[in-house]
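Notes for the structure review
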Amino acid sequence: LRFDWKTVTLNDVIARIPGSTEPDQWIIRGNHFDAWVNGAQDPLSGQVSLLEEARALGGLLKQGWRPRRTIIYAAWDGEEEGLLGSTEWVETHAAELAEHGVAYINSDVSSRGFLGMGGSHVLERFINDVARDITDPETNLPVWKRAQLQSISNGSAEAREEARSRGDLRIDALGSGSDFTPFLQHAGIASLDLSFGGEGGGGIYHSVYDDFRWFTSFDDTTFAYGQTLAQTIGTAIMRLSSAEVLPFEFTRQADTFTQYLTELKKLLENKQEEAVERNRQLDDGVFQAVSDPREPTTPPARLDPPPHLNFAPLENALDHLTHAAEGYEKALGRLASDSAVQWPGARAAGINQVLLKTERALTSKDGLPGRPWFQHLIYAPGLYTGYGVKTMPGIREAIEQRKWAEAEREIARVAQSIEAEAGLVESAAKELER
């Protein structure tokens, strides 16, 4: 192998559309443009959609349209080398983003097939509603409906039941691997990562074969899904930038966080059962009996039985968030249904300032144990899983590594962050009812 180790300058390309009413609230849209070699699929399949969105918004600007909030379009450099362009931009503008950042929408590799949605669960209902209004170019179904039917086709019995009965598709939690990472997991900005895929050709990832000929012969050959991605994200950008009250929704978030708690309890239970079974096999002489006398193995060490962790603070915090979310939904519902009640109007800016802080409430300046740069306490890439996500990572990884005192501390920290978010949601509901 031969490498070029010279240092070069990275160049992020940034375009800004100033908001008309709330210019100090930012909607940020990004995709990287650097590639390992040719990069037709990774990253240009997403980058061309971003450029098409920007072209369309430019046309609307010429016709007199103005967004309520500021829209920032970004083409990131140095993503393949380690998310460098987006990370440097986020760190450089950290104070401004803490004050003004509403949401970040990312794309990267996209292809032909089904809509994939991942991100902050405060945006779950919002992006589901967008997906219902976009038409799949090959089946003429809404892209939401096609994604739902894919879940029914490929999912477990539980996943099939949820896809049929739940009002919205549950979006994936985000780990790492693309430019949403610094926005969500360092700056605490509500984020989405969107793409199409599942029916394009494969085998060319990060290789010289990822070129225009391959893409137009085997992948999104007519660019139909590139257009559909532009329609999907462009619609989301316009709705986020123009909504009088930010379309954040917390009941789905509380439901998903409660599911994470259930997973953590099951993980602890499995660890307890593992310790009991291993120690019993050691006492019964199982390992010695099954070891090959010609190639003997050493029995594993005994395991101390895991303690019963105190999940009560987290349970109480999730109850608080659930009730706060229900109260906020009722307040919104009353405004929407009662024509005699005035919609927020001048109060909208204050309500939105509260709402944009809700994702930030789920972060800690101390970060995760052993890796303080990752400040989000709900979503992070696993310490040993590469891009793969770990939810409530401080608790989950402490249990996996049998660090029981650390697990107790992380339960308290996560509970505290959810309590803080619940307080903000209650504050927003009071503003709506004023």
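As a reminder, the structure under discussion sits directly above these lines.
Residues numbered from 1 in each chain as written. Predicted model: local features only at pLDDT ≥ 70, side-chain atom pairs only at ≥ 80, totals over all residues. Heavy atoms only, no water.

For the chain, the helix and strand inventory stands at 15 helices and eight strands. Relative to the 2.2 N^0.38 estimate, which gives 22 Å for 434 residues, the radius of gyration of the chain is 24 Å and therefore close to what a compact globule would have. Based on the C-alpha atoms only, the size of the chain along its principal axes is roughly 80 × 60 × 45 Å. The buried share of the chain, reckoned over its 434 residues, is 50%. Of the contacts formed within the chain by residues at least 6 apart in sequence, a portion of 78% connects residues at least 24 apart. With an accessible surface of roughly 20,300 Å², the chain has 52% of that area assigned to carbon and sulfur atoms. Averaging the locations of the 43 positively and 64 negatively charged side chains of the chain gives two centres separated by 2 Å. (Helix = DSSP H or I, 4+ residues; strand = E, 2+ residues; numbered from the N terminus. Rg over C-alpha atoms; globule rule 2.2 N^0.38 Å. Buried < 20%, exposed > 50% of the residue type's maximum accessible area, 1.4 Å probe, protein only. Contact = heavy atoms within 4.5 Å. Areas by Shrake-Rupley, 256 points an atom, 1.4 Å probe, with all protein chains shown as cover. Lys, Arg positive; Asp, Glu negative; His and termini not counted. Charge placed at Lys NZ, Arg CZ, Asp CG, Glu CD.)

Now for the nonpolar core. F257, L314, Y328, M392 and I418 are the most contacted members of the largest nonpolar core, which totals 99 residues. Sequence-distant contacts of F257, defined by excluding residues within four places in its chain, comprise L318, L321, L362, I378, Y379, M392, I418 and E421. (Core = buried A, V, L, I, M, F, W, Y, C linked by side-chain atoms within 4.5 Å.)

Residues separated by three or four positions in an α-helix point in the same direction, a consequence of the helix having 3.6 residues per turn. The terminal C-alpha atoms of helix α1 (residues 44-62), which comprises 19 residues, lie 27 Å apart, in line with the 27 Å expected from a rise of 1.5 Å per residue. Of the residues making up α1, those classed as buried are S45, G46, Q47, S49, L50, E53 and L57. Positioned one or two residues after α1, G64 has a phi angle of 105°, which is positive. (Expected span 1.5 Å × (residues − 1).)

The next subject is the packing of aromatic side chains. Tallying each qualifying case throughout the model produces 13 aromatic pairs. Between W76 and W89, the ring centres sit 5.6 Å apart and the planes meet at 55°, which makes this aromatic pair tilted. Residue W76 is found in strand β3 (residues 69-76), and its partner W89 is found in helix α2 (residues 84-92); the two are separated by 13 residues along the sequence. Accessibility classification places W76 together with W89 in one group, the buried group. Ring centres 3.9 Å apart and planes at 5° place the aromatic pair Y104 and F183 in the stacked group. Here Y104 is found in strand β4 (residues 101-106), whereas its partner F183 is found in helix α7 (residues 180-186), with 79 residues between them in sequence. Pair check on accessibility: Y104 and F183 agree, each one buried. Over the aromatic face of W26 sits the side chain of R16, whose NZ or CZ is 5.1 Å from the ring centroid. (Phe/Tyr/Trp six-rings, centres within 6.5 Å; stacked < 30°, edge-to-face > 60°. Lys NZ or Arg CZ within 6 Å of the ring centre and 35° of its normal.)

So, about the sheet that holds β3. Read across the sheet, six strands follow the order β1-β3-β2-β4-β6-β5 without closing on themselves; strand pairing throughout is mixed. Only two strands of the sheet have a single neighbouring strand rather than two, namely β1 (13-17) and β5 (113-119). Within this sheet the neighbouring strands show an average axis-to-axis angle of 20°, counted without direction. Strand direction decides the pairing type here: β1 and β3, joined by five bridges, are antiparallel. Bridge pairing in β3 links I14 to A74. (Pairing = 2+ DSSP bridges. Axes fitted to C-alpha atoms, helices over the stretch in contact; angles between N-to-C directions.)

The subject of this paragraph is the pattern of salt bridges. One pass over the structure, following the stated rule, counts 30 salt bridges. For R146, the salt bridge is made with D136, and the minimal N-O distance between the two is 3.4 Å. In this pair, R146 is assigned in helix α5 (residues 143-154) and D136 in the loop between α4 (124-132) and α5, connecting sequence segments 10 residues apart. Here D136 falls in the buried class, since its relative accessible area comes to 1%. For E410, the salt bridge is made with R413, and the minimal N-O distance between the two is 3.1 Å. Of the two residues, E410 and R413 both sit in helix α15 (residues 404-433), three residues apart, roughly one turn of that helix. Classification of E410 by relative accessible area gives buried; the value is 5%. (Salt bridge = Lys/Arg side-chain N within 4 Å of Asp/Glu carboxyl O.)

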